[in-house]
Amino acid sequence: MAYNSADIAAFKNVWVFCEQRQGKMMPTTFELISEGRKLADELGVELCGILLGDDVDGIAAELGGYGADRVYVYNSPLLKNYTTDAYTKVIVDAVEEFKPEIMIYGASHIGRDLAPRCAARLHTGLCADCTHLDVDLNGYVEFLRTGSNVDVDNTNFETKMFDVNTNLKMTRPAFGGHLMATIVCPRFRPAMATVRPGVMKRRPFDEEGVKKVEIVHPDFELTEADVQTEVVEVVKAAKKLVDLIGAEYIVSVGRGIAKDVEGGIALAEELADVLGGVVGASRAVVDAGWMTADHQVGQTGKTVHPKVYIALGISGAIQHKAGMQESEYIIAVNKDENAPMFEIANYGIVGDLFKVVPLLIQSIKDAKAEA
Amino acid sequence: MKIMVTVKQVPDTSGRVAVNEDGTLNRASMQTIINPDDLNAVEEALSLKDKYGCKVVAFTMGPMQAEPMLRELLAMGVDETVLISAREFGGSDTYATSQIIAAAIDTYGIDDDDIIIAGRQAIDGDTAQVGPQIAEKLHLPQVTYAGEVKKDGNVLTVKRMLEDGYMTVKVSTPCMITCIKELNDPRYMSFRGTIECWEKPLTIMDYNALKDHELIDATTIGLKGSPTNIYKSFAPPVKEPGMILEGSGKETTDQLAHILTGKHII
């Protein structure tokens, strides 16, 4: 029977595209497997990973430790480096064969190239750069209770259009983070989403899962004729990039360092060192060329949720806040008492960062010595 | 050889954004601009035109109010613009939008040495999906996140940016490239361009112009043909204000440090 993406009853299980580069699993994959486990449990189905590469069996079992029941592995020299054509063909063929009802990808530069292509070929819906996913309606309502301005007790969540309890509800920021939208894909399967890296929480690693996970190698067809592009080389950035997403403490600088850029960055680095953290930056700082793009936090940079986020001389444009407002504690230092950053800060100091930060470094050293 | 560029008119989300009480966007109160990444796409097309003397055609889908934006593009040096506009196309998600724009580009005609260039993503939706989905519907290869494009005959060598570096990819025309802002610095309208733009062609493709194309079907375009639907839209919560400490001297930083250690935050 011909594949039909509208035959909803034929689809089952949750799939995660497990992105690897140069044979190493991308950390976002573990976040997606963890989130996929939650969705699979809410539906009472299995969670499967789909892993493409060349000789990548060795990194498949670890996915079981984060909750995967099964991993479909596709090995081929043609899958060594990512190409849109090869990856789309293998994934589309696999989806047509196994028919998952939900499929999620990391919203990386690869995931956002691949997922739209797959969705268009499979005739199904795709929601980009999601920050929250729910199947269970109660979970969604509780998310809105704290995560939105919606008066949930006086809102009707039922609709005649589709079953609100079994359809994936995909929530994402829109209009630069000014609005949030929850998207559904009720008439086609799989419901597809790309998920913003750093947003979903990784589950505790479970050694038992590694032993239990089933590794499967389905037959597949892929020839050179299927691939219309040629990867000439893959180059890793020479400089070690800052790991903002994994950091517990982030000290970020904004336009406020303008009068002494080097001095401002040095102060931020020293404060980050005292805390055991890393240095981030606002878009203005990166656009001005004062710091490299890997430091950028915000809508067009990285989304972070460290334990403590210290914003030095960052006014707090909504695009910046979109990338850091989920931090556990936010501390702002700014000359301008009306800076929007103070609206979301747990603690704020109004003052010149060049005067305040050296004092703060000393105070933290003193307090840590006492504690 | 010609370059086809896809462009979108968007609300300027970098300025003040007004949200209605029901959680929808108050578009009437907002300025519209040419989507920033699309200006990089236009610039790339125009610099190829400077070098090879090819024609540049810009496509946009939207209401008739998009005309001033198209005149701006013509004033920058674009040779021809196509406005895809019909009530039937309204409410389209990325899938449906791609079907319609792909049908328009295909109707216009794609030659073997043509290049289609799109911006990486539009600032209103930030999806980055329409470029790749147009390429899929046209069965063309794509290279996204282009940070550098070199042309040698009908082969493009593209530096495709990744989060942790880049890959160099070769692709033959016809193909789709989506570009990031680092690709180039968009030019301004020229004085002569602002006069000439009124003489250049601005074609409207409405429903009748596209309805017989194989990609255009009531089940695959517009709100009804869109696989995704908006279930709810809402504003993020307003956070309770925190505590602004008094002063900015050593007593203040000591106070903050003690709060942080006292609560085991650091």
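Treat the numbers as computed from the prediction; the structure is a model and nothing was measured.

Student: Give a description of the nonpolar core that names residues and reports values.
Tutor: In this structure, A:Ile91, A:Met103, A:Tyr105, B:Ile3, B:Leu73 and B:Ile177 are the most contacted members of the largest nonpolar core, which totals 65 residues. Examining the composition of this core, we find that seven residues originate from one element, helix H2 (residues 84-98) of chain A, more than from any other. Sequence-distant contacts of A:Tyr105, defined by excluding residues within four places in its chain, comprise A:Phe17, A:Leu32, A:Ile91, A:Leu114, A:Ala115, A:Cys118, A:Met192, A:Ala193, A:Thr194 and A:Val195. Core analysis: the next-biggest nonpolar cluster, separate from the first, contains 38 residues, A:Ile265, A:Leu271, A:Ala281 and A:Leu353 among them.

Student: Account for helix H8 (residues 250-262) of chain B, with residues named and values stated.
Tutor: Taking 1.5 Å of rise per residue, 13 residues should cover 18 Å, and H8(B) covers 18 Å from first to last C-alpha, within 8% of that figure. Its buried side turned inward, H8(B) meets strand S17 (329-334), strand S18 (347-350) and helix H10 (353-370) of chain A together with strand S13 (243-245) of chain B. Where H8(B) terminates, the next one or two residues include B:His264, which has phi positive at roughly 55°.

Student: With reference to specific residues and values, describe the sheet that holds strand S12 (residues 229-234) of chain B.
Tutor: Reading across the sheet, the four strands line up as S8(A)-S9(A)-S10(A)-S12(B) and stay open at both edges, with antiparallel pairing between neighbours. The sheet is open, and its two edges are formed by strand S8 (132-134) of chain A together with S12 of chain B, each paired on a single side. For this sheet the average axis-to-axis angle between neighbouring strands, irrespective of direction, equals 25°. Pairing between strand S9 (residues 169-174) of chain A and strand S10 (residues 179-184) of chain A: five bridges, direction antiparallel. Opposite A:Thr171, over in S10(A), you have A:Thr182 as the bridge partner. Across the face of the sheet, helix H4 (residues 137-147) of chain A comes into contact with S8, S9 and S10 of chain A together with S12 of chain B while running at roughly 35° to S12(B).

Basis of the calculations
Residues numbered from 1 in each chain as written. Chains lettered and ligands numbered in written order. Predicted model: local features only at pLDDT ≥ 70, side-chain atom pairs only at ≥ 80, totals over all residues. Heavy atoms only, no water. Core = buried A, V, L, I, M, F, W, Y, C linked by side-chain atoms within 4.5 Å. Buried < 20%, exposed > 50% of the residue type's maximum accessible area, 1.4 Å probe, protein only. Helix = DSSP H or I, 4+ residues; strand = E, 2+ residues; numbered from the N terminus. Contact = heavy atoms within 4.5 Å. Expected span 1.5 Å × (residues − 1). Pairing = 2+ DSSP bridges. Axes fitted to C-alpha atoms, helices over the stretch in contact; angles between N-to-C directions.

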